[in-house]
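# Architecture and fold: a report
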Amino acid sequence: MTRFFASAFLITVLAGFDSYLRAEENVQPQTSEVKVVGVEAGYKDNIYLKTTDNSFRLDIYGYGQVRYTYQTNDITGAEDLSNFQVQRTRLGFKGYAGSDKLKYQLLLSASQSGEFDKVSLLDWFVDYAPSKECAIKAGQFKVPYSASFTISASELQFVERTQVDANFRLDRDNGVNIYGKLLDSKVTWNLGAYNGEGRNKSNPDNGMLYATRLMFEPFGKYAYHESDNEMSDKFLMLASAAYAISNNQAGSTNTNLSARLATTALGKSDVTGSNAFVGAKYRGASIHGEYFKRLIDPEKKDVSNENAEGYYLQSGYFVVPKTVEVAARYEYFDPNDDSSDDLRKEYGIGLNYFIKGHKNKIQADLFKINDEAGKTKEGEEDSRLRVQYQLAF
């Protein structure tokens, strides 16, 4: 299977660059003449700076989230939690250089989640698109796999993504992705190779991560955020399926997977995963769900395979168009189907007040948490209230 992915990836790369080389044959020789162009600056969705001949553009953008959380700890019997936190701060730079076919992006994060006073690199990549059908992206970026994680954390329907996504997604990684759009942009395909160690990490061995995804938008462009802020006047749908295989996996920025490989008997393993997503939007209503499956195959001969699965389903509706939205969600996560006492389920409701779309909004959600692995009392559930304000530019 790994050889198949490697061969398919190489063939796709060569096909993409064949079209690039053909295009280069028609480029006129450069002269020493100096070209003077004007510069325009302004604000439209982002702060921007660009040349009047459209040969260069820089967009500056970012957002911050301030969150309050109150959670009971009835399951474990520990003290309840009450906490204010700057959950996320992001500052990004993106644009194109020389041509709008050659794009770049730099995204930085300053976090209070275990990284006090630390700025870290989230994204840095270049993206060359000689044609709509075939393009290439190289650097560090989100691996195209989980639909939920691909959506920006600034454009969610709830205060946070699901715990299902947190346990199955492929995080940002260093690598190369070949992608394109077919059939009048109804189909988007991705095929990539990555280190498989997560963001800001080098590969310590020759094991690699290979991932592929197909997305289908049969009724037109599907806005890639969770709520139907646009109040779509026609029915829109998005369906996707993804598959990934990682060899010699020892760790990852995916915290659940790292913990299972490092603190259990599993150790270094081959990991395969698959997921499927379906979403729909119409006139302020939205519904979508995602299913995940993962197989961990340890190198140790005396250790059994581990199968995990999970899914979530959520829906929302604007009771006041483009301003007030109510939502509901259910989540199910089974980290090991051979164990009968480790299921985790969450269900809850959300309320969103959009002052200016996702750029200025207040969100709140209330969830019940049933965690069999942490239970000390039969039938106990934890409750979690979160309120968050977000400002973006």
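Residues numbered from 1 in each chain as written. Predicted model: local features only at pLDDT ≥ 70, side-chain atom pairs only at ≥ 80, totals over all residues. Heavy atoms only, no water.

Notably, Asp45 is not glycine yet its phi reads approximately 70°, a positive angle. Note that Asp45 resides in the loop between strand E1 (39-44) and strand E2 (46-51). The backbone of Asn54 shows a phi angle near 60°, a positive value even though the residue is not glycine. (Helix = DSSP H or I, 4+ residues; strand = E, 2+ residues; numbered from the N terminus.)

One can find His358 in the loop between strand E16 (344-356) and strand E17 (360-371). What makes His358 buried here is its relative accessible area of 10%. Remark: the alpha-carbon pair of His358 and Tyr63, spanning 295 residues in sequence, is separated by 10.0 Å. There is a polar contact of 3.1 Å between the side chain of His358 and the side chain of Asn229. (Buried < 20%, exposed > 50% of the residue type's maximum accessible area, 1.4 Å probe, protein only. Polar contact = N/O pair within 3.5 Å; in protein donor to acceptor, adjacent residues only side chain to side chain.)

Let us now look at the packing of aromatic side chains. Per the counting criterion, the structure on display carries 10 aromatic pairs. An angle of 90° between the planes, with centres 5.5 Å apart, marks the rings of Phe168 and Phe333 as edge-to-face. Of the two residues, Phe168 is situated in helix H3 (residues 163-168) and Phe333 in strand E15 (residues 324-334); the sequence distance between them amounts to 165 residues. There is no split in this pair, since Phe168 and Phe333 are both buried. Here a set of aromatic residues connected by ring pairs shows up, and it is made of Phe125, Phe141 and Tyr194. When the ring centre of Tyr222 is taken as reference, the NZ or CZ atom of Lys281 above it lies at 4.7 Å. (Phe/Tyr/Trp six-rings, centres within 6.5 Å; stacked < 30°, edge-to-face > 60°. Lys NZ or Arg CZ within 6 Å of the ring centre and 35° of its normal.)

In this section: the environment of Asp100. With respect to the secondary-structure elements, Asp100 resides in strand E5 (residues 99-111). According to the relative accessible area criterion, Asp100 is partly exposed, its value standing at 48%. Separated by 29 residues in sequence, Asp100 and Ala129 place their C-alpha atoms 8.6 Å apart.

There is a patch of nonpolar side chains on the surface, built from Tyr70, Ile349, Tyr353, Ile355, Ile362, Leu366, Leu385, Val387, Tyr389 and Leu391 and spanning about 850 Å² of accessible area. Of all the secondary-structure elements, those providing two or more residues to the nonpolar patch are E16, E17 and strand E18 (382-392). Counting residues per element, the nonpolar patch draws most heavily on E18, which supplies four residues. If you trace the backbone, Leu385 turns up in strand E18. In this structure Leu385 comes out as partly exposed when scored by relative accessible area, which is 33%. (Patch = residues over 30% accessible without salt bridge, like charges linked within 9 Å, V, L, I, M, F, W, Y side chains within 5 Å. Areas by Shrake-Rupley, 256 points an atom, 1.4 Å probe, with all protein chains shown as cover. Salt bridge = Lys/Arg side-chain N within 4 Å of Asp/Glu carboxyl O.)

Bridge count between strand E12 (residues 269-282) and strand E13 (residues 285-298): 14 bridges; the pairing is antiparallel. Note that in E13 the partner of Tyr282 across the bridge is Ala285. The antiparallel hairpin formed by E12 and E13 contains two residues in its connecting segment, where Arg283 sits at a positive phi of about 50°. In this structure, E13 lies alongside strand E14 (residues 306-320), joined through 12 bridges in antiparallel fashion. Pairing of Leu295 across the sheet is with Asn307, part of E14. (Pairing = 2+ DSSP bridges.)

Here we come to the pattern of salt bridges. Going through the model one piece at a time under the given rule, you end up with 11 salt bridges. Two residues, Asp59 and Arg57, come together in a salt bridge whose shortest N-O distance is 2.6 Å. Judged by relative accessible area, which is 7%, Asp59 ranks as buried. A salt bridge links Glu346 to Arg344; the shortest N-O distance between them is 2.8 Å. In this structure, a network of salt bridges that share partners links the residues Arg344, Glu346, Asp371 and Arg384.

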